[in-house]
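# Architecture and fold: a report
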Amino acid sequence: MQQLNEKDFIRIKKTHTAFHKLGIRQELNLEEKFGQAVGSAFYEFVTRCKEDEEWRKCYCYMHDYQEVTKFDMDTNFEVMLGDSEYKYQVFNANIKNEYVDSYEHLENYKKHYTTKINKLNDKRFALCKKFRINHLKHKLQNIENEANLYAYWQQKDALKNDYLENRTKTYNQVRAKFNQIENDIAEAIVSEALKHKSILIYREHDSVLKTNFEVDGFTYEISSQNLNNVANRFRCEILNYQAVTPAAEPTHK
């Protein structure tokens, strides 16, 4: 463990034991102090990650990969079912087929509706002429919108497949580097804190804190998950630590 020596381990372990002998009347006070220590450690964790250029580079690469690969084409063709108490979305193949048809036959639809509109325009007298023309224009506009959306979704799906095929290995490497950076920062913070605040291992860290911040207009989100893991690892090793008793000097007759 960084910066912590045997004396630190023994002192922190004894303090932890003392905390849990204080009884229920002191529990709320200790829990409050624990929360303050956790909050302080997380604030320092966020500050150091924010200032770390490699952390930010890794985050941006991971964020881009995750945003691209989370795209799911079929979610665009779901319908909402259920009642006021329980609703759920279900894929509808008919809706997808409609979009595919608009995309694949857009030019035919343009010719078809343009011809019908022009014929109505050429008629000097036609029942509800303006309404019928607007109705045809509206139908054509819907078809064009469906075709354009499907083309856009196809591009997103192709990009997703490209990322999965060509960037997954790099993504995993970057993610490992990202976690190592966070672990190194967390280890430094926890070891420094335990020099003065044994309360940080009063109990297991089981609540994940989250926040976000901006750097150059880009929003970063950060959680205390890796900080929690490191703090719990410190806690486990300290509580299981057994001081080494020096071997007795041999007696010579």
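Located above this text is the structure these notes cover.
Residues numbered from 1 in each chain as written. Predicted model: local features only at pLDDT ≥ 70, side-chain atom pairs only at ≥ 80, totals over all residues. Heavy atoms only, no water.

### Examining the overall build of the protein chain
- Regarding its fold elements, the protein chain presents 8 helices and 4 strands.
- Each helix (α) and strand (β) of the protein chain, taken in turn from the N terminus, gives the series α-α-α-β-β-α-α-α-α-β-β-α.
- Overall, the protein chain is about 125 × 45 × 35 Å in size when its C-alpha atoms are taken along their principal axes.
- A buried classification covers 30% of the 253 residues belonging to the protein chain.
- Once local pairs closer than 6 in sequence are excluded, the contacts in the protein chain between residues at least 24 apart make up 74%.
- With an accessible surface of roughly 17,200 Å², the protein chain has 49% of that area assigned to carbon and sulfur atoms.
- In the protein chain, 38 positive and 38 negative side-chain charges are present, and the distance between their average locations comes to 4 Å. (Helix = DSSP H or I, 4+ residues; strand = E, 2+ residues; numbered from the N terminus. Buried < 20%, exposed > 50% of the residue type's maximum accessible area, 1.4 Å probe, protein only. Contact = heavy atoms within 4.5 Å. Areas by Shrake-Rupley, 256 points an atom, 1.4 Å probe, with all protein chains shown as cover. Lys, Arg positive; Asp, Glu negative; His and termini not counted. Charge placed at Lys NZ, Arg CZ, Asp CG, Glu CD.)

### Brief notes about a nonpolar patch on the surface
- Side chains of Leu-81, Tyr-86, Tyr-88 and Val-90 sit close together on the surface and give an oily, nonpolar patch of about 360 Å² of accessible area.
- Secondary-structure assignment places Leu-81 in strand E1 (residues 78-82).
- Owing to a relative accessible area of 36%, Leu-81 belongs among the partly exposed residues under this scheme. (Patch = residues over 30% accessible without salt bridge, like charges linked within 9 Å, V, L, I, M, F, W, Y side chains within 5 Å. Salt bridge = Lys/Arg side-chain N within 4 Å of Asp/Glu carboxyl O.)

### Focus: the side chain of Arg-235
- Along the polypeptide, Arg-235 turns up in helix H8 (residues 225-239).
- Buried within the structure, Arg-235 lacks any salt-bridge partner; Glu-204 is the closest side chain of opposite charge, at an N-O distance of 5.4 Å.
- Each residue touching Arg-235, except ones within four places of it in the same chain, is listed here: His-16, Ile-201, Tyr-202, Arg-203 and Glu-204.

### Looking at the packing of helix H4 (residues 93-104) against helix H6 (residues 129-166)
- Following both chains from N to C, one finds H4 and H6 inclined at 95 degrees, their axes separated by 8 Å at the closest point. As far as their axial angle goes, H6 and H4 are roughly perpendicular. Within the contact between the two elements, H4 uses Lys-96, Glu-98, Tyr-99, Val-100, Ser-102 and Tyr-103 and H6 uses Ile-143, Glu-146, Ala-147, Leu-149, Tyr-150, Ala-151, Trp-153 and Gln-154.
- Across the contact of H4 with H6, the residue classes break down as 9 nonpolar, 2 polar and 3 charged. (Axes fitted to C-alpha atoms, helices over the stretch in contact; angles between N-to-C directions. Parallel < 35°, antiparallel > 145°, perpendicular 65-115°, else oblique. Nonpolar A, V, L, I, M, F, W, Y, C, P; charged D, E, K, R; others polar.)

### Brief notes about empty space enclosed by the protein
- In this structure the tally under the stated criterion is 1 cavity of 30 Å³ or more.
- Here the largest cavity is characterised by a volume of approximately 40 Å³.
- Taken together, Val-38, Ala-41, Phe-42, Val-190, Leu-200, His-205, Leu-227, Asn-228 and Ala-231 form the lining of the largest cavity. (1 Å grid on protein atoms, 1.4 Å probe; cavity = no way out; pocket = protein on both sides within 12 Å on 5 of 7 lines; lining within 4 Å. Points joined across faces, edges and corners; volume = space filled by probe spheres on them.)

Bear in mind that shape data such as this cannot, by itself, settle questions of function.
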